[in-house]
Amino acid sequence: MTTHQTSQTMKPATAAKKLGVYLQATPAEFQEGVVTRAELTALQTDPPAWLNDLRRDGPHPRPVVAAKLGISIAGLARGGVTEPLTTEQIDALKQEDPGWLRRERSVQADVRKEAARIKELQQDKQERERQGK
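Reference entry: report on the structure contained in this document.

A separate point is the overall build of the chain. Broken down by element type, the chain carries eight helices and two strands. The globule rule puts the C-alpha radius of gyration for 133 residues at 14 Å, and the 21 Å found for the chain is more than 25% above it. The principal-axis extents of the C-alpha atoms in the chain amount to approximately 55 × 55 × 25 Å. For the chain, buried positions account for 27% of its 133 residues. Put simply, the chain shows about 9400 Å² of open surface, and 50% of that area lies on carbon and sulfur atoms. Separation between the mean location of the 21 positive side-chain charges and that of the 18 negative ones in the chain comes to 7 Å.

For the bond running from G58 to P59, omega is 10 degrees, close enough to zero to count as cis. Non-glycine residue D97 carries a positive phi angle of around 50 degrees. Looking at the secondary structure, you find D97 in the loop between helix 7 (87-96) and helix 8 (99-132). Residue class for D97 comes out partly exposed when judged on its relative accessible area of 25%.

The next point concerns the packing of helix 5 (residues 62-69) against helix 7. Taken N-terminus to C-terminus, the directions of helix 5 and helix 7 make an angle of 35 degrees; their axes are 10 Å apart at the nearest point. In terms of crossing hand, the pair formed by helix 5 and helix 7 is right-handed. Together, V65, K68 and L69 of helix 5 and I90, L93 and K94 of helix 7 make up the contact between the two elements. Across the contact of helix 5 with helix 7, the residue classes tally to four nonpolar, no polar and two charged.

What follows is about the pattern of salt bridges. This model, assessed by the stated rule, comprises seven salt bridges. With a shortest N-O distance of 2.7 Å, D53 and R56 are connected by a salt bridge. Taken as a pair, D53 and R56 lie in helix 4 (residues 49-57) at a separation of three residues, close to a single helical turn. Taking relative accessible area as the criterion, D53 reaches 35% and is therefore assigned partly exposed. Classification of R56 by relative accessible area gives partly exposed; the value is 47%.

Locating R55 in the fold gives a position in helix 4. In this structure R55 comes out as partly exposed when scored by relative accessible area, which is 32%. Ignoring anything within four residues of it in the chain, the contact list for R55 reads L19, V21, P47 and H60.

So, on to the packing of helix 1 (residues 12-19) against helix 3 (residues 37-45). Packing of helix 1 against helix 3 brings their axes to within 11 Å, and their N-to-C directions diverge by 30 degrees. One element, helix 1, and the other, helix 3, form an angle in the roughly parallel class. Of the two possible hands of crossing, helix 1 and helix 3 adopt the one that is right-handed. Packed against helix 1, whose contacting residues are A15, K18 and L19, the element helix 3 presents R37, L40, L43 and Q44 at the interface. Within the contact of helix 1 with helix 3, the residues separate by chemical class into four nonpolar, one polar and two charged.

About the cut-offs
Residues numbered from 1 in each chain as written. Predicted model: local features only at pLDDT ≥ 70, side-chain atom pairs only at ≥ 80, totals over all residues. Heavy atoms only, no water. Helix = DSSP H or I, 4+ residues; strand = E, 2+ residues; numbered from the N terminus. Rg over C-alpha atoms; globule rule 2.2 N^0.38 Å. Buried < 20%, exposed > 50% of the residue type's maximum accessible area, 1.4 Å probe, protein only. Areas by Shrake-Rupley, 256 points an atom, 1.4 Å probe, with all protein chains shown as cover. Lys, Arg positive; Asp, Glu negative; His and termini not counted. Charge placed at Lys NZ, Arg CZ, Asp CG, Glu CD. Axes fitted to C-alpha atoms, helices over the stretch in contact; angles between N-to-C directions. Left-handed = near helix turned anticlockwise from the far one by under 90°. Contact = heavy atoms within 4.5 Å. Nonpolar A, V, L, I, M, F, W, Y, C, P; charged D, E, K, R; others polar. Salt bridge = Lys/Arg side-chain N within 4 Å of Asp/Glu carboxyl O. Parallel < 35°, antiparallel > 145°, perpendicular 65-115°, else oblique.

Given below as structure tokens:
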């Protein structure tokens with residue numbers, strides 16, 4: 001009995017998500033095919049020009065837009081941003097600094113502080129448990 005090893009493949013949408021790019025902005029051959037793990041690794045380690053351009057200029061998917069603005073994806077939706085944005089549009093939004101963006105950045109800062117506080121409490125609890133044993 002021989003074993004036949006097949007390479008794992010993924011849909012273009014999954015690969016685009018892993019690469020942090022907006023699928024509809026990728027080349028047609030990328031959108032229409034399947035991507036193997038080896039191809040994904042190659043794209044990550046030695047990105048072609050189109051991938052570098054997309055990462056630099058966009059349009060960017062919502063998770064990337066949110067990260068560049070320092071807010072959550074839900075914050076983007078609350079701010080009315082539902083479409084992918086280019087780097088230029090993101091920079092313009094940062095310059096404009098609308099009220100909703102300031103609010104969402106404040107909310108995100110509070111969320112991060114709370115997460116850090118909880119993590120510290122958990123670490124303290126684990127330390128006490130170790131010392132108590």
